[in-house]
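The residues making up each chain are set out below.
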Amino acid sequence: MSKTVLVTGGTRGIGRAISETMVKKGYKVAANYAGNDAAAKECADALGINVYKFDVADYDAVGAGLAQIAKDLGPVDVVINNAGVTRDAPFHKMTKDQWQQVIDIDLTSAFNVTRQVWDGMRERGWGRVINISSINGQKGQFGQANYSAAKAGLIGFTKALAQEGAKKGVTVNVVCPGYIDTEMVQAVPEKVLEGIIATIPVGRLGKAEEIASMCAYLASDEAAFITGATMTVNGAQYIAG
Ligand code: CAA
């Protein structure tokens, strides 16, 4: 029987590419989204999947969303914690709201979702948790004290949880995309983005599908011995030790 995968922020950007790849691999895909109904409808129609609108920063809303997914598709076997936002500003201009929104949506969301699928994965003796971090969680980025903190937090979360899931057949890994050609990256001021691309040895932005294929591999049975790993996919822009 095919497995159920939840992709948070799964209707746009990297998340949408992950949803599409997982459909092609034969999974039952639930794509979560927060606000953009038009993009969600387009995604649902194009991929033939169910989309679920709930706020990943709200623990109870996540619980309700997961209950609906379980009813429609069965319990979640693979969770891809992808939802995230940026609120870039140099630290001397960063507001409490800009800090808190990024921590809540990019980091606390991973607790909210994973905590509520974790017991089921342990009971069934199989599960995959894949967290989407960022190159900027590995190296830090000017203007992103909030985002770099949240994304680095996902790496620590992964390393701790992998040790807890190991004996129960639940793997936990983190993917660190570099600069990928999505709306989020295209929102970086043009001149700044040109400067960033100049530092990518491969000489281009990454493609969302290049992150999705890594996620599909980590979700597979073949990847059972990979857990607690940080998978860097960034065109050699930053080579972590
Ligand atoms: N390193 C050093 N100094 C920098 C800098 C950098 N990378 N970027 C800007 N500065 C300096 C500027 O030169 C300027 O210095 P002066 O005052 O001496 O001229 C000062 O910082 C202020 O710069 P700005 O006037 O541009 O400040 P701003 O408030 O308008 O904007 C910013 C600052 C929002 C951080 C803007 O530079 C920016 O958007 N940077 C890009 C940040 C980034 O890479 N975000 C990634 C988004 S995509 C993503 O996050 C996905 C992913 O996972 C990769």
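Structural data are supplied above this passage.
Scope of this entry: the structure provided in the associated data block. Since the model is a prediction, treat every value here as computed from it, not as a measurement.

1. Points about the overall build of the chain
Okay, step 1: Scanning the chain from terminus to terminus reveals nine helices and seven strands.
Okay, step 2: For the chain, the spread of C-alpha atoms along the three principal axes comes to 50 × 40 × 35 Å.
Okay, step 3: Taken across its 241 residues, the chain has 49% of its residues classed as buried.
Okay, step 4: For the chain, the proportion of contacts with a sequence separation of at least 24, taken over those separated by at least 6, is 71%.
Okay, step 5: Of the side-chain charges in the chain, 24 are positive and 24 negative, and the distance between the mean point of each set is 4 Å.

2. Observations regarding the packing of helix 3 (residues 59-73) against helix 4 (residues 96-124)
Okay, step 1: In contact at an axis separation of 9 Å, helix 3 and helix 4 are set at 45° when each is read in the N-to-C sense. Between helix 3 and helix 4, the interaxial angle falls into the category oblique. Helix-helix and strand crossings are classified by hand; for helix 3 and helix 4 the assignment is right-handed. When helix 3 is examined against helix 4, the residues Tyr59, Val62, Gly63 and Leu66 are found in contact with a partner set consisting of Phe111, Asn112, Val113, Arg115, Gln116 and Val117.
Okay, step 2: Counted by class, the contact of helix 3 with helix 4 contains six nonpolar, three polar and one charged residues.

3. Quick notes on unusual backbone geometry
Okay, step 1: Phi at Ala236 is positive, roughly 70°, even though this residue is not glycine.
Okay, step 2: Overall, Ala236 belongs to the partly exposed group, its relative accessible area being 36%.

4. With respect to the sheet that holds strand 4 (residues 78-81)
Note on sheets: strands pair through backbone hydrogen bonds, and any given pair is parallel or antiparallel.
Okay, step 1: Here we have seven strands laid out as an open sheet, ordered 3-2-1-4-5-6-7, and parallel in their pairing. Across the chains shown, the open sheet's two edge strands, defined by having one partner strand only, are strand 3 (50-53) and strand 7 (230-233). This sheet shows a mean twist of 20° between the axes of neighbouring strands, independent of strand direction.

5. Quick notes on the pattern of salt bridges
Okay, step 1: Per the stated rule, a full pass over the model turns up nine salt bridges.
Okay, step 2: In this structure, Lys41 engages Asp45 in a salt bridge whose closest nitrogen and oxygen atoms are separated by 2.7 Å. Here Lys41 pairs with Asp45, and both are found in helix 2 (residues 37-47), just four residues apart, close to one helical turn. Note on accessibility: Lys41 and Asp45 belong to one class, exposed.
Okay, step 3: A salt bridge links Asp77 to Arg124; the shortest N-O distance between them is 3.7 Å. With a gap of 47 residues between them, Asp77 in the loop between helix 3 and strand 4 and Arg124 in helix 4 connect regions that are remote in the sequence.

6. Some details on the site of the ligand
Okay, step 1: With respect to spatial proximity, 19 residues lie near the ligand, and among them Asp88, Lys93, Ser134, Tyr147 and Tyr179 are the closest.
Okay, step 2: Measuring from an oxygen atom of the ligand, one finds a side-chain N or O atom of Ser134 at 2.7 Å.
Okay, step 3: For the ligand, whose unbound accessible area comes to 1100 Å², protein coverage reaches 56%.
Okay, step 4: Broken down by secondary-structure element, the contributors of at least two residues to the shell around the ligand are helix 7 (183-186) and helix 8 (190-197).

7. Some remarks on the pairing of strand 6 (residues 170-177)
Okay, step 1: Of all eight residues making up strand 6, eight are buried, and the element is well covered by its neighbours.
Okay, step 2: Covered by surrounding structure in strand 6 are Val170, Val172, Val174 and Cys176 together with Thr171, Asn173, Val175 and Pro177, the residues of both alternating faces.
Okay, step 3: The pairing of strand 5 (residues 127-132) with strand 6 spans six bridges and is parallel. If you follow Gly127 over to strand 6, its bridge partner there is Val170.
Okay, step 4: Bridge analysis of strand 6 against strand 7 gives four bridges, and the strand direction is parallel. Counterpart to Cys176 in the pairing with strand 7 is Thr232.

8. Structural notes on the side chain of Ser148
Okay, step 1: Checked against the element boundaries, Ser148 lands in helix 6 (residues 145-165).
Okay, step 2: You can call Ser148 buried: its relative accessible area is 10%.
Okay, step 3: Contact partners of Ser148, with chain neighbours within four places excluded, come to Asn136, Gly137, Gly140 and Gln141.

9. A short note on the nonpolar core
Okay, step 1: By size, the foremost hydrophobic cluster in this structure holds 29 residues, and its most contacted members are Ile18, Ile130 and Val175.
Okay, step 2: Put simply, the parts of the chain that give this core at least two residues each are strand 1 (4-7), helix 1 (13-24), strand 2 (28-33), helix 2, strand 4, strand 5 and helix 9 (208-219).
Okay, step 3: Residue contributions to this core peak at eight residues, all from helix 9.
Okay, step 4: Ignoring sequence-local partners within four residues, the contact set of Ile18 consists of Val7, Ile80, Asn82, Ile132, Ala212 and Cys215.
Okay, step 5: In this structure, Trp118, Met121, Ala162 and Val172 belong to the second largest nonpolar core, which totals 21 residues.

Cut-off values and rules
- Residues numbered from 1 in each chain as written.
- Predicted model: local features only at pLDDT ≥ 70, side-chain atom pairs only at ≥ 80, totals over all residues.
- Heavy atoms only, no water.
- Helix = DSSP H or I, 4+ residues; strand = E, 2+ residues; numbered from the N terminus.
- Buried < 20%, exposed > 50% of the residue type's maximum accessible area, 1.4 Å probe, protein only.
- Contact = heavy atoms within 4.5 Å.
- Lys, Arg positive; Asp, Glu negative; His and termini not counted.
- Charge placed at Lys NZ, Arg CZ, Asp CG, Glu CD.
- Axes fitted to C-alpha atoms, helices over the stretch in contact; angles between N-to-C directions.
- Parallel < 35°, antiparallel > 145°, perpendicular 65-115°, else oblique.
- Left-handed = near helix turned anticlockwise from the far one by under 90°.
- Nonpolar A, V, L, I, M, F, W, Y, C, P; charged D, E, K, R; others polar.
- Pairing = 2+ DSSP bridges.
- Salt bridge = Lys/Arg side-chain N within 4 Å of Asp/Glu carboxyl O.
- Near = heavy atom within 4 Å.
- Polar contact = N/O pair within 3.5 Å; in protein donor to acceptor, adjacent residues only side chain to side chain.
- Areas by Shrake-Rupley, 256 points an atom, 1.4 Å probe, with all protein chains shown as cover.
- Core = buried A, V, L, I, M, F, W, Y, C linked by side-chain atoms within 4.5 Å.

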